[in-house]
Structure formats: structure tokens, C-alpha cells
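The lines below spell out each chain.
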Amino acid sequence: MQTSAHVRFEKRDEFHDELQRRIAAYFEERGLSRFGGIRLLTKSVMIGLWLVASYLLLVFSPVPLWGAALLAASLGAAMAAVGFNITHDANHDSFSRNKWVNLVMSHTMDLIGGSSYVWRIKHNVIHHTYTNIAGLDDDINLYPWGRLAPGQRRLKLHRIQTFYIWPLYGMLGIKWHFDDVLTAITGKVSGQKIRRPDGMELACLIIGKALFFGWALVLPMVAGHAWWAVLLTYLFTEFVMGVVMSLTFQLAHCVEEAQFFPTPLTADEGKFQSWARHQIETTVDFAPRNFFLTWYMGGLNYQIEHHLFPRISHIHYPKIAPIVRQVSAEFGVRYTAHRSFVRALFSHVRWLHRMGRPEAA
Ligand SMILES: [Zn+2]
């Protein structure tokens, strides 16, 4: 695991060992593979068909304005589903046992407008290691527009962030386009130095962007649609994808029940006791019994399990969650789950409100 100068984790501890042992036993006793396998492949085909059908109908069939809006929303939701279910697992190497399959599927990120190279650093390394540590975790960095963590300086405009933040969430996909190019040029993510993409990585980033803007903007114009209609549809589709993705991420970490940390850390020179404890206490599950959300969000409503076991495919999270909950209870680690999506959403709204209030500064 990479570590920052500010933060060091104890990699092994009794709690983490016991979690690993019990989860390993679950898979061994049932003779199960930790990867997505045929179940995830079937799901991926369904999501791929959903995306392609939405796109083809939107671009190549005569539809009224309301039909186009519905299809664009459907396309945005399908793109988010690709990100949650295919891209996310593949970039964590949990989609398939075969590393080449993971590599190929990880580039679905480039096809939906992001960069698999930047994502792996920003998400796999930075977010998964420094979860909810202000100044390091890019997922809680909306500064200066939003204040999501106590470690961030409060500005006057944050007082009303609860009202204006939602359209910003819709900008996520468009922000990726700019961030990816900036990262390739500056070699920085969220102020942290990273290795610049080179060779094949740079080629994939450039080809990925060309392919994405090719299908999102160029092909619809070649098919005869007016440039302004294409641009508006692109913005709306991105907006839907951005809101769905941002909310899914925020409801797992930016809620009242999650813990946050400032940097530089003062206690014990920034050394956390336990990496596993940190992951659980900075993350909150939601809607664990909601079959549709669990299917659609690629298990990201079970983010505690995902943060502990990112190399296990999301299709297993509902089954391993009770084990994680049980071991946490045995070791006195706080494990939190919101019963429903709405409860998690309200908690996020209250958190935004609290972070914007003057006394929270
Ligand atoms: Zn992840």
C-alpha cells in the first residue's frame, strides 16, 4: 500500500486478521471464487445492451423531444451502471480471474469519458487508502464550491451549499474530461504528485478521449443532428450520469455517521491504529435489502465490504456483509448501515447543512 508522509496505517492487526480469516473461510467452505464470473459477465452484457439500445434509439430513430430526454436519461443511467458494475470491478482486478479480461474491461472507463489510468490512481490508491482524510481523499474534495469535511476551511458560500450543490454533482463526468488532461500534463491528482502516463497509458488516454467524443458528439452530428441539439443532449446525459455517480459515492462517505480526519494528523504522528478499522468507520452502507439498488449500483451500497475487500467482486457483498458486521461487533468496531436510500440521502443533506454552518468552522 502506498502511504503519504502524513498518514501511516498499521497494515496487520488482530481485527483485520480475523476478518480475513472469516471471509476466506466463507469462500473455501462453499468452494466459491472471489471473482465476478459468469454472473457478472451476464450482468455486464445486460448493461451493455441497455447502453447501446439507448444510444442507437437516441441517435438513429425519430423521437419527439420528451422521448429524446428519456433516452438521454436512460443513456446517462446506463453509463453510470457501466462504471459501477464493470469499470469499478475490472480496475480492482475483481471482474475476472483472468488479468487480461480485467485489463480490457477496465478500459470501459475510457469509453464512458474518464481515464482508466487516472481512475486507478485517484480511486484505487488515493481514495481507498486515505478514505475521508481531508487534503488527501479526492472524493471529498469539492473545494472551494463545497465543504464536505471538517478539515476543510469554511467559506461564507458554504452556508447555502445544501441548495446549490446538486447541479455540481452533475458535473462529475465533464470534470473528468478536464482533470484527465490536466493530470496527464501536470502529473498531479488533487495536489499530490503522481507518475505521468506514458507510452501505452498515454496512448490509451488519448484514444479513449477520441473514441468517447467520437460517439458522444461527432457521430450524432454526422447522423444529421444539429450541433446545439447534440451539445445539449451530451450535457444532459452527462448530468444524469454525474448525479447518479456522485450520490452513490457521497451516500457512503459524506454522511453524519462517517468519521473524517484532517491532515496533517497530530495524534501519534498521524499513525492510525488499524487500516481495517479506519475503512469501516469512515464508510457507511445503505439500503442493504434493496435488490434493485444492489444490482444497479454494483454493490456500492455495500461500501464497507468493498473498502475492506476491493479484490472481491461486488456480487458477493450481500453475502459477506453479515460476517463483517459480526466480526466488527466482536471487536467493538462501529459498523453502520442506513436501512434505505432515502435515510442515507437525508443524512447526507444534514451533513452538507452542518458543514456549511458557521459553528462547524
Ligand atoms: Zn473501489
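Since this is a predicted model, take the numbers as computed values, not measurements.

(A) Structural view of the coordination of the zinc ion. Around the zinc ion, the protein supplies His88 (NE2), His92 (NE2), His123 (NE2), His128 (NE2) and His306 (NE2) as donor atoms, at distances of 2.0 to 2.2 Å. Counting gaps between the donor residues of the zinc ion yields the pattern H-x3-H-x30-H-x4-H-x177-H. Of the two residues, His123 sits in helix α6 (residues 116–129) while His306 sits in helix α13 (residues 303–308), which places them 183 residues apart along the sequence. Taking the relative accessible area as the measure of exposure, His123 reaches 4% and is therefore buried.

(B) Quick peek at helix α15 (residues 341–356). A rise of 1.5 Å per residue sets the reference length of α15, with its 16 residues, at 22 Å; its end C-alpha atoms lie 23 Å apart and thus fit the reference within 8%. Those residues of α15 lying buried are Ala344, Ser347, His348, Trp351, Leu352, Met355 and Gly356. Looking at the buried positions of α15, the neighbouring elements they touch are α7 (161–169), α10 (227–253), β5 (285–286) and β6 (337–338).

(C) Fine view of the pattern of salt bridges. Within this structure, the stated rule accounts for 14 salt bridges. Taking the shortest distance from any N to any O, the salt bridge between Arg21 and Glu18 comes out at 2.8 Å. Of the two residues, Arg21 and Glu18 are both situated in helix α1 (residues 14–30); the distance of 3 residues between them amounts to about one turn of the helix. According to the relative accessible area criterion, Arg21 is partly exposed, its value standing at 48%. Classification of Glu18 as buried rests on a relative accessible area of 17%.

Criteria and cut-off values
Residues numbered from 1 in each chain as written. Predicted model: local features only at pLDDT ≥ 70, side-chain atom pairs only at ≥ 80, totals over all residues. Heavy atoms only, no water. Donors = N, O, S within 2.8 Å, 3.2 Å for Na, K, Ca; no water. Helix = DSSP H or I, 4+ residues; strand = E, 2+ residues; numbered from the N terminus. Buried < 20%, exposed > 50% of the residue type's maximum accessible area, 1.4 Å probe, protein only. Expected span 1.5 Å × (residues − 1). Contact = heavy atoms within 4.5 Å. Salt bridge = Lys/Arg side-chain N within 4 Å of Asp/Glu carboxyl O.

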